[in-house]
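One letter stands for each residue in the lines below.
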Amino acid sequence: MEIEQNRHVITIDVIRSKKENRLGPAIREKLSAITPDRYTFLPALSRGDEVQCVVKKGENPFSAIREIRFVLLDYQLKIGLGIGEIEIPESARDSWDLSGEAFFRAREALDHLSGADETCVEMLSGDLHQDLAVNSILTLMNLIMNDWTITQFNYVMAYERYGTYDKTSEALNVSSQNIHKACKRAKWDVVKQIEGNLNQLLNKREW
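What counts and how
- Residues numbered from 1 in each chain as written.
- Predicted model: local features only at pLDDT ≥ 70, side-chain atom pairs only at ≥ 80, totals over all residues.
- Heavy atoms only, no water.
- Helix = DSSP H or I, 4+ residues; strand = E, 2+ residues; numbered from the N terminus.
- Rg over C-alpha atoms; globule rule 2.2 N^0.38 Å.
- Buried < 20%, exposed > 50% of the residue type's maximum accessible area, 1.4 Å probe, protein only.
- 1 Å grid on protein atoms, 1.4 Å probe; cavity = no way out; pocket = protein on both sides within 12 Å on 5 of 7 lines; lining within 4 Å.
- Points joined across faces, edges and corners; volume = space filled by probe spheres on them.
- Phe/Tyr/Trp six-rings, centres within 6.5 Å; stacked < 30°, edge-to-face > 60°.
- Axes fitted to C-alpha atoms, helices over the stretch in contact; angles between N-to-C directions.
- Parallel < 35°, antiparallel > 145°, perpendicular 65-115°, else oblique.
- Left-handed = near helix turned anticlockwise from the far one by under 90°.
- Contact = heavy atoms within 4.5 Å.
- Nonpolar A, V, L, I, M, F, W, Y, C, P; charged D, E, K, R; others polar.
- Core = buried A, V, L, I, M, F, W, Y, C linked by side-chain atoms within 4.5 Å.

## Side note on the overall build of the protein chain
Item 1. Helix and strand counts for the protein chain come out as eight helices and five strands.
Item 2. In summary, the protein chain has a C-alpha radius of gyration of 17 Å against a globular reference of 17 Å for 207 residues, a match within 12%.
Item 3. Counting only C-alpha atoms and orienting by the principal axes, one finds that the protein chain spans roughly 50 × 40 × 35 Å.
Item 4. The burial tally for the protein chain puts 49% of its 207 residues in the buried class.

## A word on empty space enclosed by the protein
Item 1. Considering all chains together, one arrives at one cavity of 30 Å³ or more under this definition.
Item 2. Lining the largest cavity we find Phe 62, Ile 65, Arg 66, Arg 69, Val 121, Leu 138, Met 141, Asn 142, Met 145 and Glu 195.
Item 3. Contributing elements (two or more residues each) for the lining of the largest cavity: helix H2 (61-71) and helix H4 (128-145).

## Here we look at the packing of aromatic side chains
What describes a pair of aromatic rings is the distance from one ring centre to the other and the angle between the planes of the rings.
Item 1. Across all of its chains, the model carries three aromatic pairs by this definition.
Item 2. Ring pairs connect the aromatic residues Phe 70, Trp 148 and Phe 153, which therefore count as one cluster.

## Some thoughts on the packing of H2 against H4
Item 1. As a packed pair, H2 and H4 sit with axes 13 Å apart at the nearest point and diverge in direction by 30°. What the angle tells us is that H2 and H4 run roughly parallel. Here H2 runs over H4; the crossing is right-handed. When H2 is examined against H4, the residues Phe 62, Arg 66 and Arg 69 are found in contact with a partner set consisting of Val 134, Leu 138, Asn 142 and Met 145.
Item 2. Here the contact of H2 with H4 is built from residues that sort into four nonpolar, one polar and two charged.

## Some points on the nonpolar core
Item 1. With 45 residues, the main nonpolar core has Ile 10, Ile 27 and Leu 72 as its most contacted residues.
Item 2. Beyond its immediate stretch of four places on either side in the chain, Ile 10 contacts Val 51, Gln 52, Cys 53, Val 55, Pro 61, Ala 64, Ile 65, Ile 68, Ile 79, Gly 80 and Leu 81.
Item 3. Val 9, Phe 41, Leu 98 and Ala 102 belong to the second-largest nonpolar core, a separate cluster that totals nine residues.

In C-alpha cells, the structure reads:
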C-alpha cells in the first residue's frame, strides 16, 4: 500500500442520469478521447453514472476539470474536487480501487451540490478559509463557463492545444478571426488566468 499526500481527486456525478439511455457506454466512449497527460489515474466510469480520476502531481486540477467538462459536454455535471491523502494498493487498476481523505472530500463536495440542475463545481481541502475563497471564485468562473456554446468550448480547447490562432485555424479549417472572436466572447483569457491563480493558491498551501 502506497500513501501519498496532497493529491487532487475529481469525482463527477451526471445530473438526471436516470433519464439517459445507454449512459455507461456513451460516457466510456467520450472519456476515451482524454489523453493521459494530466492524470495519474485517468477518468473512469463506475456506479453507472459517476466518473473519477486522480490528477498528476504538478498538473492544474482546474484545467483537468475543464477538459472533462468538454468531453462530457452533452451532460450536466456535479463536480467535486477533493484534496488530501490517498491510499494506492499495489493491485490498483483505476481510481475506483483507491481510498483516502481526498476521495472522501470529493464525495462530500458532491453531497454539498445535491439538488443542482446544471453543471457546478466545489472543492474541499480541509482548510475552511481556503475552501471558502476558492469556491467563491469557482462559482463565478462556472457562471462564465456555463454560458459557453459548443463552438466556443471547442475553439477554446483547440486554441489551448495548438497555442496560436493560426495553428488552430489550420487544424480546424476555420478562420483565425472566428476563433479569436469565439475565445474573446468566452472570456478565455479571464478563465485561463483564474485557473492559474487558483492552482498557485493550492501550491502555496502549508500541509
